[in-house]
Each structure stands twice: as C-alpha cells, then as structure tokens.
Amino acid sequence: MSARILDGTAVAALVRTEVADRVDVLAGRGKSVGLATVLVGDDPASRLYVDSKRRAAEEAGIRAFDHSLPAGAALGDVERLIDRLNESGSVDGILVQLPLPPGLDEAVVLGSIDPSKDADGLHPTNLGMLVMDRPGVAPATPTGILTLLDHYGIPTDGAMVVVVGRSLLVGRPLAILLGLKGRDATVALAHSHTPDLAALTRQADILVAAAGRPGLIGAHHVKPGATVVDVGINQAGEGLIGDVDFEAVAEVAGAITPVPGGVGPMTIASLLENTVAAAERRITGRH
Ligand code: NAP
C-alpha cells in the first residue's frame, strides 16, 4: 500500500478535545451544554449510531438526552417532541437520526427543528445560508470531511473534486461548500445517471464517494496520487465497508480514508462542534 491514511479517529479526537475545552468554559459561566437525540423506529444500525453520538457527547461533557419513538409514530408525535426540545432550556442541539421510517417526511421533520438548535445543519434555513455563503450551522458530514482535509494539509483551492452521490445529507452540501469562495475547488457532482463514472472520477484530485454502494470505486476510477474520501458505510457480514475498494485503491491513491475510522468519527466531531457553538451563541445572545 502506498497511500497515506487519513485517520479520522485521531483527528476527531483532537476536535473533541477542543469541544470539551469549550464545554468547560461554558460550565465555568454556569451554562451546561445539552444534545437531544431523536430516534424513530428500531433500526439496529440507527440505534448504534445514536448511541455512539451520545457517548461521544458525554465524553466531551455534553449532557445527552435520548428520545425514542416507535416506528409507527405519526408526524404529529415527532413534531410535538421536537417542539418540546425546541422550547427546552437544557437542549442546545437536536439531532434526528436519519433515515426516518417510511411515511415520515424527512424534510418536514428536519424543518420543525429550531434552526439555531439544528446539530446536523440540515434545516432548510441553514442549507439556505450555506448556499448564500452566510453564517449558519454547517452540515456535519461535509464539514467533518473538510476538517480532515485541512488537518492533513490537502488543498481544495484549485483542486478538481468529484463528489459521487448527490444526497441532501452529504453530496449536495459538500459540493456547494467546496465551490464557495475561500475553498475554491472546481466541483463535479456525480450520481446514478452519470455516464462513464470512471472517466469523470479519473480527473479528480480529490474524489469523494458517498453513494452507499460497496466497492463502487475501484483502482481504475482513481488518478494516481489523488486523495480518496470514502463516506460510504455499508454492512458486510459482521463488519462495515465503504464505497471504495480500499486494498486496490490504496495502491493508486496518494491519500485515503479508511472505513471505519475515516469520515464517520469526523461527522460525530462536527455534530459536537455544532452543539457547543449553539450553546455559546445562546449564552452570548448571538443568533
Ligand atoms: P443516499 O441518500 O442513498 O444517496 C446516494 C447517492 O448516491 C444518490 O445521489 C445516488 O444517485 C448516488 N448513487 C447511487 N448509486 C450510484 C452509482 N452506481 N453511481 C453513481 N452514483 C450513485 O445516500 P446518503 O445518505 O448520501 O449516504 C451515502 C452513503 O454514505 C451511505 O453508505 C451512508 O451510510 C453513508 N453515510 C456516512 C456518513 C458518515 O458519517 N460516514 C454520513 C452519512 C451517510 P441518484 O441521486 O441518481 O439516486
């Protein structure tokens, strides 16, 4: 293997230490920081993600409030819970674990969160601010990816970036962030209708795979020396694998994120950053 490993676990630990320091400062001013997680249904993978987010919050000194609703919960039940969390003085960040069970409209549920408590940065107001390049809550996974690239000194300015996957959660906001002034990447957003994916991805200095398709990206998709960021989390037997054929691509790429231990921990770190930032805004009265 020739590629450098971009170690999300290690970089996330640094971010989480900074978050813990900020939580301590707020505690010194009499303000505790709280994150409420909302899980609808009993999907075991979602339960695992929520538990690891809550654990990470508690390790940083953030109080974690766990709220679970049954899979058959009506939209009104979810909205009533979120209203309560919006009003609660103990809750600074609200995270609704996605995907929601079929029948619940994610856009409506995300839109019912107070944008100032939107820990995942997916409220329409925050996504709108992102498009307008104005201050708002940053989307957690894309921000985590940029923090990781920055940590390893991988420049986006002037880079050709191909993002595979155009979801609201990852691909679309990441493509927008990368194209903003200050980031200055040239971005192509690929999806399931992109013809000849490999011809496009081979042009990338930075290739981000966020499709949820195990093994989608092989060595022939990668320009020698490119940075490859694997967002995918796919269940494979007992373990988790990404969208990138790690062994083969690591022979060609200059740098690569592992799965697990790459983007996943960075997403959680960004979520905690958003939560402590919300608490800081609350205590200073800035919104
Ligand atoms: P999603 O909503 O299912 O979107 C998948 C995207 O990939 C769609 O835009 C789809 O295209 C595209 N796609 C699917 N097959 C493709 C193909 N063969 N070639 C090119 N594009 C293809 O998924 P998501 O929520 O963004 O999640 C993507 C993956 O990232 C999943 O494995 C998820 O578990 C993981 N994830 C990880 C983190 C983390 O923190 N590491 C966070 C969020 C998500 P169309 O739009 O044309 O259908």
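Residues numbered from 1 in each chain as written. Predicted model: local features only at pLDDT ≥ 70, side-chain atom pairs only at ≥ 80, totals over all residues. Heavy atoms only, no water.

1. Section: the site of the ligand
Around the ligand sit 22 residues in total, of which Arg166, Ser167, Ser192, Ile233 and Thr267 are the nearest. Backbone polar atom of histidine 191 to a nitrogen atom of the ligand: 3.5 Å apart, as the coordinates give it. Taking serine 192, its side chain carries an N or O atom lying 2.5 Å from an oxygen atom of the ligand. Taking 940 Å² as the accessible area of the ligand by itself, protein coverage stands at 72%. Per element, the largest residue contribution to the shell around the ligand is 3 residues, and it comes from helix H10 (residues 263-284). (Near = heavy atom within 4 Å. Polar contact = N/O pair within 3.5 Å; in protein donor to acceptor, adjacent residues only side chain to side chain. Areas by Shrake-Rupley, 256 points an atom, 1.4 Å probe, with all protein chains shown as cover. Helix = DSSP H or I, 4+ residues; strand = E, 2+ residues; numbered from the N terminus.)

2. Some points on the sheet that holds strand S7 (residues 206-209)
Here 6 strands make up an open sheet; going across it, the order is S1-S11-S8-S7-S5-S6 and the pairing parallel. Strand pairing shows two members of the sheet lacking a second neighbour, strand S1 (4-5) and strand S6 (186-190), which therefore form its edges. Pairing geometry for S1 and strand S11 (residues 255-256), over 2 bridges, is parallel. By the bridge assignment for S11, isoleucine 5 is matched with isoleucine 256. Relative to S6, helix H7 (residues 171-179) is tilted by about 170 degrees, and along the sheet it contacts strand S5 (160-164), S6 and S7. (Pairing = 2+ DSSP bridges. Contact = heavy atoms within 4.5 Å. Axes fitted to C-alpha atoms, helices over the stretch in contact; angles between N-to-C directions.)

3. Some points on the sheet that holds strand S2 (residues 34-40)
As summarised here, the arrangement of the 3 strands in space is S3-S2-S4, forming an open sheet in which the pairing is parallel. Edge positions in the sheet fall to strand S3 (63-69) and strand S4 (93-96), since each of these pairs with one other strand and no more. Strand-to-strand, the axes of this sheet are offset by a mean angle of 20 degrees, without reference to chain direction.

4. Some words on the domain arrangement of the chain
Looking at the assigned domains, one finds that the chain contains domain 1 (31-116) and domain 2 (140-264). Between domain 1 and domain 2, the C-alpha centre-to-centre distance is 28 Å. (Domains from an automatic or database assignment.)

5. Some thoughts on the pairing of strand S8 (residues 227-230)
It is a general feature of regular strands that their side chains alternate between the two faces of the sheet. Alternating positions in S8 separate into two faces, Thr227 and Val229 on one and Val228 and Asp230 on the other, with burial throughout. Two elements, S7 and S8, share 4 bridges in a ladder whose sense is parallel. Bridge assignment links valine 208 to a residue of S8, and that residue is valine 229. The pairing of S8 with S11 spans 2 bridges and is parallel. Following the sheet pairing, valine 228 is matched in S11 by isoleucine 256. (Buried < 20%, exposed > 50% of the residue type's maximum accessible area, 1.4 Å probe, protein only.)

6. A closer look at the nonpolar core
Residues Val19, Ile62, Ile145, Val161, Val208 and Val231 are the most contacted members of the largest nonpolar core, which totals 48 residues. For this core, the leading source of residues is H10, giving 8 residues. Split by domain, this core shows at least three residues from each of two domains, domain 1 (31-116) and domain 2 (140-264). Those residues in contact with valine 19, other than ones at most four positions away along the chain, are Ala60, Ile62, Leu272, Glu273 and Val276. One finds Ala188, Leu197, Leu200 and Ala226 within the second-largest nonpolar core, a separate group that totals 20 residues. (Core = buried A, V, L, I, M, F, W, Y, C linked by side-chain atoms within 4.5 Å.)

7. A word on the environment of threonine 9
Here threonine 9 lies in helix H1 (residues 8-28). Taking the C-alpha atoms as reference points, threonine 9 and aspartate 83, separated by 74 residues in sequence, lie 34 Å from one another.

8. Re the side chain of threonine 141
Note on placement: threonine 141 falls in helix H6 (residues 140-151). Here threonine 267 takes part through its side chain, which lies 3.1 Å from a polar atom of the side chain of threonine 141. Among residues more than four places away in sequence, those in contact with threonine 141 are Leu169, Val170, Val231, Val263 and Thr267.

9. Regarding the packing of H1 against H6
In the contact formed by H1 and H6, the axes pass within 10 Å of each other and the chain directions differ by 100 degrees. Classified by the angle between their axes, H1 and H6 sit roughly perpendicular to one another. Taken together, the residues of H6 that come into contact with H1 (itself represented by Gly8, Val11, Leu14 and Val15) are Thr147, Leu148 and His151. When grouped by side-chain class, the residues that make up the contact of H1 with H6 number 4 nonpolar, 3 polar and no charged. (Parallel < 35°, antiparallel > 145°, perpendicular 65-115°, else oblique. Nonpolar A, V, L, I, M, F, W, Y, C, P; charged D, E, K, R; others polar.)

10. Overview of H1
Its 21 residues give H1 an end-to-end C-alpha distance of 30 Å, which sits within 8% of 30 Å, the value for a rise of 1.5 Å per residue. Turning to H1, its buried residues number three or more, namely Gly8, Val11, Ala12, Val15, Val19, Ala20, Val23 and Leu26. Those residues of H1 that are buried are in contact with H6 and H10. Just downstream of H1, glycine 30 is the residue with a positive phi angle, here 80 degrees. (Expected span 1.5 Å × (residues − 1).)

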